[in-house]
Structure formats: C-alpha cells, structure tokens
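Fold and geometry: a report
Letter by letter, the chains look like this.
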Amino acid sequence: MDVAVIGCGYVGLVTATCLASIGHRVRGVEKDQKKLARLLEGYSPIFEPGLVGLLQEQLANGSLSFGASINEAMRDAEVVYLAVGTPSKPDGTVDMTYLEAAGKEVCDALATIQSDYLVTIVVKSTVPVGTNRKLYYSLRQNSKLEFQVVSNPEFLKEGSAVNDFLEPDRIIVGGESPEAFRIMRRLYDPLIKTEDTFLTMNWESAELTKYAANTMLASRISFMNEMSILCDAYGADVEDLRKGIGSDKRIGPAFLRAGVGFGGSCFPKDVAAMEHISRAIGHENLFVEAIQTINKSQKRRFVEKIGTKLGRPLAGSTITVWGLAFKADTDDIRESAAIDVIRYLLEGGANVRAHDYKAMDNMREVFTDQVEWMQDPVAAAAGADAIAILTDWPQYNTMPFRKISATMNQPVIFDGRNCLIRDVMRENGIRYYPIGRPVIESNVRVRSSSR
Ligand code: UGA
C-alpha cells in the first residue's frame, strides 16, 4: 500500500521504516531541513538499535523516501500517518500546536488531490481523549473527499522500538468506520499473528488505552519503589519481592523493578496528562497523584541516602555519576532521574563527575560546566568519594571493580538501578547501597583525609 508518514521524529521514523520493511511504499515528511538532509543520506537523527540498518536497506530498495512536502507525500497515499510531537505544556496539558498544523495541511492537501479512493488518516501521536473525533469533524468541514480518521496509539519502548513495532503484543485501532478498520487490518497484516492482537474500538477508548497503559506501567514502578522503602526498613529484599509477586500470573513479572524513579518522554508526560484528563471532568485522581509524588520523592530520597551514608559531608565530596540517560540503550535524557539527582547533589555542595555511553552530549546542555564530563567510567571513579549509578547500562556490571575500589577515595557505590552483582561488590571491599536490598557494609578504607 502507499503510505505517507508526517513527522519523522522518533515514532514517525520507526513507523515509516518498519512499514516499508513489511512491503509498503512509504514517504516520510520532515520539515526540519537538517533532519531531512540526514535522513536522505541514510542516517537516523535518533539513536535506536537496528533502525539505521533497516532505514538504509529500505532507502536503497526504493520502498522508503523522504521529503518536506505533505502535498507531495499524500499523492497516491491510501493511508496518512500523523506522527508529530504532542509535548507537555508547563501546566501539564498537551500542546496540540503541531498536530493541528499538520491536520490543517493534510486537509489542504486533500482538497487539491483528486483521488477516487478512501484516504485513512492515522493519528499516531498520543493525544487527549476526544482529539480524533474533533479532528475528523473539523477536517470534514474542509474537504469533500472521502476520508476517515483512526487513532492508532503506539506502544514502542525506546531501545527496542523496531522490535516492538514488528512484533507487537497488540495493535489498537480506534474509529467509527468499518472500512477504515479493514484498511488498517490489511496494512498491518504481516504483523498480526492471531486475530485478538488486532483490536478495534471507538476513538475515545483507543486514546484512553494509551494513557491507561502507560499509567498502569508507571504505577507498578511507583508501587515497587514504595515497597523498596519497606524493604530497606524491615531488612527484606525488593528483588525477592519482585520475583515473589511477579510469578503470580495475575500480576506478571514486567515493570516491577525498583529504582531511582522512572523518566523518559512518555511515562511522566502521560501520567500528568491522565491527571488533567481526570481534572477536566471534575475528578481528583488521587491514584495518579500518588504515582507522581512517589516518583519525585524517590530521587530526593536517593540523594538523602548518599548524604547520610557517605561517611563524610556531602558538601565538598566528589560523587561520580554513572549513567545519564533515562534508561539504557538510548541517548535520551528527557525527564531522566539523573537530572534531578545531579541537581540535588550540586545543591548539596558536591562536586559531580558524570559518565554515560550515549547521553553525555545531551546532558552537557543542561549542566554545562557545573559537572566534570568523563569519557571513561573507570577514570571517572578515581579519587571519588562515591559512585552513584542512575542508568542500568549493562557495561557498568563488567567494570574492573578491583581497580576501581583501589583508586577511589573510598569505595562506596549507591546503585540507583540495582544493576550490580552483590558478590562482586563484597569481593572487592565495596560498601554497596542498592535500593530496597540489603546493604553490603564492607570496611571502608579511606585513601586520603586531606580534603
Ligand atoms: C514507555 C512504554 O514502555 C512503551 O510501551 C510506550 O510505547 C512508550 O513509553 C511511549 O508511550 O511512547 P519508554 O518510555 O521508551 O516506553 O521506556 P520504558 O522502558 O517503559 O522505561 C520508562 C522508565 O521506567 C525508565 O526510566 C526505566 O528506567 C523505568 N523503569 C522501567 C523502572 O524504573 N522499572 C521497571 O521495572 C521498568
């Protein structure tokens, strides 16, 4: 099928590339000239495992092309994806500027295109409940052509987006037109393993499903972070708790890892949006408020723990932060726990050194010269009073801890992601503070007390 994808940001680019890879002819529209130039050269403006290879393959075989004109991309397109950004405004509501502008351009293009088939407009962006219905009726007023609007929320995780797209747990299509449902069913056919993975519903249910899924996942993390406080106090182990409850099929094991808090461009934004969706109908949603409050306090609590367990005043100490991205395998720092944690450390008077495998350039824009940027995690630890781990990059697990322990001012690690192996810490004489897990209190050897 001929497909246009408007907006080649994270979601749009993955969608365009993956749809091309399952046999469709896809044209991506990107207005940002710099990004467009990179895409035309076969480079991805975002880091996402597996994406560049697939992108270059599809460009080379002609299934995928890019341009700046919506009008051009929509020629022959049976399906038009709107995948522009819907960021949060400072008050927590969703900024619809880009979606409305793209919708209007699509509408103008529809008015000039003389096609004799039904065009299906697919809203991929995460939008407030009621948006698709509004969009449909406002576009209707401006076009005599046959078209339909469907909501098709995305469930892509950064770091595994290509795989999530090509092997979906479910595909949700919201709308009112059986014909549009049939078109979407045909479009996604190669990805549909069983009929119950293709779910159709009305617009509002599809829109709300997206927010509900992310809120539910975020709530599991906040729940486990609350449990980690009880585990710390009573000497229980939150990892055992995770296995203990996760093995109940009704609960399941996913998204139960305690840590320094969730971040990213999705959970914080979608939980905040859920609060607004509730407030809009006069309902005070205590559940989502709790998810947010717990997530915020988890970062503060982590720095307080550093302050009390460091064994020396935080002010003037050197803390090495390993991991800046909101999770491993991405350079994305949006709402990353590292932002709050570094800010609190600096407020407490600590000297902060930072390392990350992908996200250092992005974080440098936030903290500029307030932080010492380190290319090598081992060198970053030398002379430090503690290491704080904020992203679970697997490489941190295989660090030469004997050397690290010997070169630190005092071998202390605060593991905000519970990602290191406890025995390795013990063997190397490291005082180790995970989250919600028993502490390893080795005898700390302080190298110099001159500071
Ligand atoms: C999330 C959802 O998982 C996707 O299904 C959804 O499509 C996407 O948002 C979106 O709305 O676009 P993503 O933000 O890429 O995906 O990242 P996750 O893997 O979900 O992680 C989010 C945060 O939760 C990270 O900071 C991670 O470290 C944290 N997390 C995750 C935990 O603290 N504990 C866990 O057990 C899992």
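Nothing here was measured: the structure is a model prediction, and the numbers come from that model. (Residues numbered from 1 in each chain as written. Predicted model: local features only at pLDDT ≥ 70, side-chain atom pairs only at ≥ 80, totals over all residues. Heavy atoms only, no water.)

1. Re the sheet that holds strand S14 (residues 431–433)
Strand order across the open sheet formed by six strands is S11-S10-S9-S12-S13-S14, with parallel pairing between neighbours. Each end of this open sheet is capped by a strand with a single partner; those strands are strand S11 (371–373) and S14. Strand after strand, the sheet turns through a mean of 20° between neighbouring axes, direction not considered. Relative to strand S10 (residues 351–355), strand S9 (residues 318–322) runs parallel, the two sharing five bridges. What sits directly across from Thr320, in S10, is Arg353. (Pairing = 2+ DSSP bridges. Helix = DSSP H or I, 4+ residues; strand = E, 2+ residues; numbered from the N terminus. Axes fitted to C-alpha atoms, helices over the stretch in contact; angles between N-to-C directions.)

2. Notes on the nonpolar core
Counting 42 residues, the largest nonpolar core has Leu19, Val79, Tyr81, Met184, Leu187 and Tyr188 as the members making the most contacts within it. Among the elements that make up this core, the one with the highest residue count is helix H1 (residues 10–21) (eight residues). Those residues within four positions of Tyr81 in sequence are excluded, and the remaining contacts are Val3, Ala4, Val5, Ile6, Thr15, Leu19, Val122, Lys124, Asn152, Met184, Leu187 and Tyr188. (Core = buried A, V, L, I, M, F, W, Y, C linked by side-chain atoms within 4.5 Å. Buried < 20%, exposed > 50% of the residue type's maximum accessible area, 1.4 Å probe, protein only. Contact = heavy atoms within 4.5 Å.)

3. A short note on the packing of aromatic side chains
Going through the model one piece at a time under the given rule, you end up with eleven aromatic pairs. Relative to Phe267, the ring of Phe262 has its centre 5.8 Å away and its plane inclined at 80°; by these criteria the two rings are edge-to-face. One aromatic cluster is present, built from ring pairs that chain together Trp322, Tyr357, Trp393, Tyr396 and Phe401. Positioned above the aromatic ring of Phe155 is the side chain of Arg170, whose terminal nitrogen or guanidinium carbon lies 3.6 Å from the ring centre. Directly above the aromatic system of Phe198 lies the positively charged group of Arg185, at a separation of 5.9 Å from the ring centroid. (Phe/Tyr/Trp six-rings, centres within 6.5 Å; stacked < 30°, edge-to-face > 60°. Lys NZ or Arg CZ within 6 Å of the ring centre and 35° of its normal.)

4. Let's talk about the site of the ligand
Every one of the 19 residues lining the ligand counts as a neighbour, but Glu154, Leu156, Glu158, Lys210 and Asn214 are closest to it. Within the contact set of the ligand, an oxygen atom lies 2.7 Å away from a side-chain nitrogen or oxygen of Asn214. Within the contact set of the ligand, an oxygen atom lies 3.0 Å away from a backbone nitrogen or oxygen of Gly263. Expressed as a share of its isolated accessible area of 710 Å², the protein-covered part of the ligand is 90%. Listing elements by their share of the shell around the ligand, those giving two or more residues are helix H9 (203–234) and helix H11 (267–280). Broken down by element, the residue count for the shell around the ligand peaks at three residues, all from H9. In terms of residue class, the shell around the ligand is built from nine nonpolar, two polar and eight charged. Looking at the shell around the ligand, you find at least three residues from each of domain 1 (2–201) and domain 2 (294–433). (Near = heavy atom within 4 Å. Polar contact = N/O pair within 3.5 Å; in protein donor to acceptor, adjacent residues only side chain to side chain. Areas by Shrake-Rupley, 256 points an atom, 1.4 Å probe, with all protein chains shown as cover. Nonpolar A, V, L, I, M, F, W, Y, C, P; charged D, E, K, R; others polar. Domains from an automatic or database assignment.)

5. A short note on the environment of Tyr81
Positionally, Tyr81 belongs in strand S4 (residues 79–82). For Tyr81, a relative accessible area of 0% translates into the label buried. Engagement of the side chain of Tyr81 in a polar contact is seen with the side chain of Tyr188, the distance being 2.8 Å.

6. Concerning the environment of Ile435
Within the secondary structure layout, Ile435 lies in the segment after S14. Judged by its relative accessible area of 5%, Ile435 falls in the buried class. For the pair Ile435 and Gly259, spaced 176 residues apart in the sequence, the C-alpha separation amounts to 6.1 Å. If we ignore the near neighbours within four places in the chain, the residues touching Ile435 are Ser228, Asp232, Val238, Ala258, Gly259, Val260, Gln298, Phe302, Lys305, Asp415, Gly416 and Asn418.

7. Some thoughts on the domain arrangement of the chain
Domain assignment breaks the chain into domain 1 (2–201) and domain 2 (294–433). The distance between the C-alpha centroids of domain 1 and domain 2 comes to 39 Å. Counting from both sides, the interface comprises five residues of domain 1 and, opposite them, eight residues of domain 2. Summed over both partners, the interface of domain 1 with domain 2 buries about 550 Å², with 49% contributed by carbon and sulfur atoms. For domain 1, the biggest contributors to the area lost against domain 2 are Phe47, Glu158 and Gly159; these three give 88% of the whole. Scanning the region where domain 1 abuts domain 2 turns up one salt bridge. The partner of Arg334 in a salt bridge is Glu158, with the nearest N and O atoms 3.8 Å apart. Inspection of the domain 1/domain 2 interface yields two residue pairs in polar contact (both at pLDDT 80 or more). Across the side of domain 1 that touches domain 2, the residue classes tally to two nonpolar, one polar and two charged. (Buried area = accessible area lost by both parts, 1.4 Å probe. Salt bridge = Lys/Arg side-chain N within 4 Å of Asp/Glu carboxyl O.)

8. Some points on the pairing of strand S7 (residues 171–174)
Judged by which residues are buried, S7 turns out to be covered on both faces: Ile171 and Val173 on one side and Ile172 and Gly174 on the other are all buried. Sheet topology places S7 next to strand S8 (residues 198–201); four bridges connect them, and they run parallel. Within S8, the residue paired with Ile171 across the bridge is Phe198. Viewed along the sheet, the connection from S7 through helix H8 (residues 178–187) into S8 turns out right-handed. (Right-handed = clockwise from strand over helix to strand, strands pointing away.)

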